[in-house]
Amino acid sequence: MNDSCLIFGGGPCALETARRLVSAGLAVVVAAPDAPLDGPRQEFAALAAEGSIDVLTPARIDACRGFIGSFEVDLAIDGARHHRRVSHILVAEEYRRRPNFDDYPQLSPANLLPLSAGASKAQMFPEAPVMPQIVLLHGLKQESHPVIAEEVLRCALALQASEKARCCVLTTNLKVAGNGIEALYREAKAAGVLFFKFDRSRPEIHPLPTGKAEIVFRDDVSGNVYRLAPDLFLVDEAILPAENLENLATVLGLETDPAGFLQTENVHRLPVFTNRRGILALGPSRAILAAADMSAEAAAGALAVLGGPLPEPAARIEKARIDTGRCIRCLTCFRLCPHGAIQRNQRVEVSADACEGCGICAAECPRQAIRLGKNGFGLESPADAAGHDKPRTAEPLLIAFCCARSAGRAAEHAAELGLEIPSDLKTVTVPCAGAVSTADILSAFRLGARGVIVMACHAGNCHSEWGQRHALQRVEQLTRHFEQMGFDAERLAFQTLAANMETGFVDVIRRFDSKVRSMV
Amino acid sequence: MNDNSEYSIDLKALNRERFQSWPYSQDVCLTCGLCASVCPAAGIDGYDPRKIVRLVTLGMESEAVAARWPWICTMCAKCEYLCPMDIDIPNLMRGIRSLRKREQVPGILHKGVEAAMRTGNNLGLPTDDFVFIVEDVAEEIAAEPGFEDFKVPIDKHGARLMATIHNKLVNTHTEDLKHWWKIFYAAGEDWTITSKAWEGTSWGFFTGDDAAMKTMAGRIVEQLESLDIKNLMWPE
């Protein structure tokens, strides 16, 4: 099954990934948006000597159906339609770099260059002044990034050391959290690069009648105001995802981070995995990374395809199953599935290979036609609700629906640590808070619970992207209904937690318990 | 932030290489401010160690040399102790001190240095007077019970230990000579002071005058050699 892959991208990361997969005997298709490719086309073509590789460019994705092991991809190449069936898709498209010229409207093109214009004086100055004064503007209007900081430092160091320039770096924060960047910073200072950091004030740039520009700023450390009319301004760049990524994300059903990279800032998204099994985001398509990290990304991508220890084997998860007799093909599940695991064939079906068992579909299906593994969560009778061997007591009965990845783990740790929990608490572990339907919550009350609490992962950290949000919405909706009904809405609570918060779990439960006890 | 009328310094005009040869690592200063936070003199005249280091890094020699603050610095070295970049701030201060014309060295410090160059001690005290004072103190010790045979050795050839003396101890604080001397006596130490190069207070060190420091140290070494003494106690 793992015999063919589609790689989007034409740069070094895509090339390295292709090479690893081809050497492992897989058939690789490379689709790059531009022709010619970023990396030399010969390098990709040379891989043909090692195995099966097909390079398609300029290629654009039109549609993708199917799941891990059998993705059906439609590509448009020069207007012609091509179809490929692959087991995995890897996206490794190179960055787009945008100089932050807009941040400095006072500077004319004659005065400034983007950072990647290079560190060669000869390139920058056709008539090179001796010891040119150069100002590097870095992260002044928006937060910077260690990858850019490293480039700024290397550039300043090269100019100072080999080109005898006089460099000043003006910045707000110099992000040195990266391999070797602190040492580089130190080297740059020793070479004579001056650094000025701004907290409250910012430099001001004034165009001069000569066509050049002057920069004026306060240095808080020496307490003085300085001015400089440099020979050149170098402006840092923003590193952005490839233009193509937005379309790829839409077609492939991938969640993106605010910048548009193909992996959300979610603790459950380990490198190189996305919300869809079998679709991997590597290197420049995943996040802003240093060039030195790209080869590790390619290796991780190849390992994921060839069968590494991650992700969690699909076989261990309780899958959703659609009862075709009840299904009315409303496609609610299809629209809601965060993992793209539902397919519209003659019947609407869940792919066992792609299903992550979150249960969002089961909770939302208007016909209750979807089950996760076995029936419900074991809340069938009052005896179940109270715990099999405990009779119902006069004390308030609390039922806590606990997401297995967060509150469930915290509860286990709390038990291991011997932390005291109210005795009439029943925890019901669910694969994701999104699996807890409105009906489940009402059942819990109907079975005698005096208080029901739904505990989920923190916002932004739901393994199923928005399961936590669904759970919250249901709780909020029920709360409004309860208020209208005259039922004490404080008996229903919602709390986000992380897996390492065992004392937090106990605190929340104790407080909820005493609140419920105080109600009549 | 600033209007055009606010005074600004032209960065191009600064001599950024001025202090490049100084070995105190000031160029790697992070401006973290740990030095300023611990300095007992921080804030006086609006200066602190970080600001001085910054002026040096920027090559702003005249402002640093004209400031009073490098002379207010007590050389306690707490700044150096905390500095994460191991910058030798006390010696950097001393370096700034060394850049002042000697007539502008504050107070009596340079006059003391000149006296020491001329006469061997900061007070310009003649040798006979010095010997008279120390022998007088020795007699006072000998008058105390248990110290009846105390004598102060002067220029004793081949002694095990030679001790220098702070000039105030033969001027206004002669009583304080007795503490060390009684310890030497009780320990049975084979010690001596010298009638020449007895001055232990090297104001060339304070004022950044390396030549004067070298001269005074040289004289002490000469004494050690001519008296064939191997150990020196220089409590300054």
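Right, let's walk through the structure included here. (Residues numbered from 1 in each chain as written. Chains lettered and ligands numbered in written order. Predicted model: local features only at pLDDT ≥ 70, side-chain atom pairs only at ≥ 80, totals over all residues. Heavy atoms only, no water.)

Some remarks on the sheet that holds strand 13 (residues 204-207) of chain A
Whether parallel or antiparallel, the strands of a sheet pair through hydrogen bonds between backbone atoms.
Here comes step 1: If you trace the four strands from one edge of the open sheet to the other, you get 13(A)-14(A)-15(A)-1(B), paired in mixed fashion. Lying at the two open borders of the sheet, with one neighbouring strand each, are strand 13 of chain A together with strand 1 (9-10) of chain B.
Here comes step 2: As paired elements, strand 15 (residues 224-228) of chain A and strand 1 of chain B share two bridges and run parallel to each other. Bridge pairing in strand 1 of chain B places Arg227 of chain A opposite Asp10 of chain B. (Pairing = 2+ DSSP bridges. Helix = DSSP H or I, 4+ residues; strand = E, 2+ residues; numbered from the N terminus.)

Some remarks on the side chain of Glu502 of chain A
Residues and elements named next belong to chain A.
Here comes step 1: In this structure, Glu502 sits in helix 14 (residues 502-518).
Here comes step 2: As a buried residue without a salt bridge, Glu502 has its nearest oppositely charged side chain in Arg409, at a separation of 11 Å.
Here comes step 3: Glu502 has contacts with Ala410, His413, Ala414, Leu417 and Leu419, leaving out every residue within four places of it along the chain. (Buried < 20%, exposed > 50% of the residue type's maximum accessible area, 1.4 Å probe, protein only. Lys, Arg positive; Asp, Glu negative; His and termini not counted. Salt bridge = Lys/Arg side-chain N within 4 Å of Asp/Glu carboxyl O. Contact = heavy atoms within 4.5 Å.)

Things to note about a nonpolar patch on the surface
Here comes step 1: Residues Leu34, Tyr81 and Leu82 of chain B make up a contiguous nonpolar surface patch of roughly 340 Å² in combined accessible area.
Here comes step 2: Note on Leu34 of chain B: relative accessible area 36%, which makes it partly exposed. (Patch = residues over 30% accessible without salt bridge, like charges linked within 9 Å, V, L, I, M, F, W, Y side chains within 5 Å. Areas by Shrake-Rupley, 256 points an atom, 1.4 Å probe, with all protein chains shown as cover.)

Concerning the packing of helix 8 (residues 127-142) of chain B against helix 9 (residues 177-187) of chain B
Residues and elements named next belong to chain B.
Here comes step 1: At a minimum axis distance of 11 Å, the contact between helix 8 and helix 9 shows a crossing angle of 60 degrees. With respect to helix 9, the element helix 8 is oriented oblique. Considering only the axes of helix 8 and helix 9, their crossing is right-handed. Here Val134, Val137, Ala138, Glu140 and Ile141 of helix 8 come into contact with helix 9, specifically with Leu177, Lys178, Trp181 and Lys182.
Here comes step 2: A breakdown of the residues in the contact of helix 8 with helix 9 according to their chemical character gives six nonpolar, no polar and three charged. (Axes fitted to C-alpha atoms, helices over the stretch in contact; angles between N-to-C directions. Parallel < 35°, antiparallel > 145°, perpendicular 65-115°, else oblique. Left-handed = near helix turned anticlockwise from the far one by under 90°. Nonpolar A, V, L, I, M, F, W, Y, C, P; charged D, E, K, R; others polar.)

Considering the nonpolar core
Here comes step 1: The biggest cluster of nonpolar side chains holds 53 residues, and the ones touching the most others in it are Leu21 and Leu136 of chain A.
Here comes step 2: Sorting elements by how many residues they give to this core places helix 4 (residues 146-162) of chain A first, with nine residues.
Here comes step 3: Contact partners of Leu136 of chain A, with chain neighbours within four places excluded, come to Leu115, Val152, Cys155, Ala156, Cys167, Cys168, Val169, Leu170 and Leu234 of chain A.
Here comes step 4: Core analysis: the second largest hydrophobic core is formed by 50 residues, Phe196 and Phe198 of chain A together with Ala64 and Leu92 of chain B among them. (Core = buried A, V, L, I, M, F, W, Y, C linked by side-chain atoms within 4.5 Å.)

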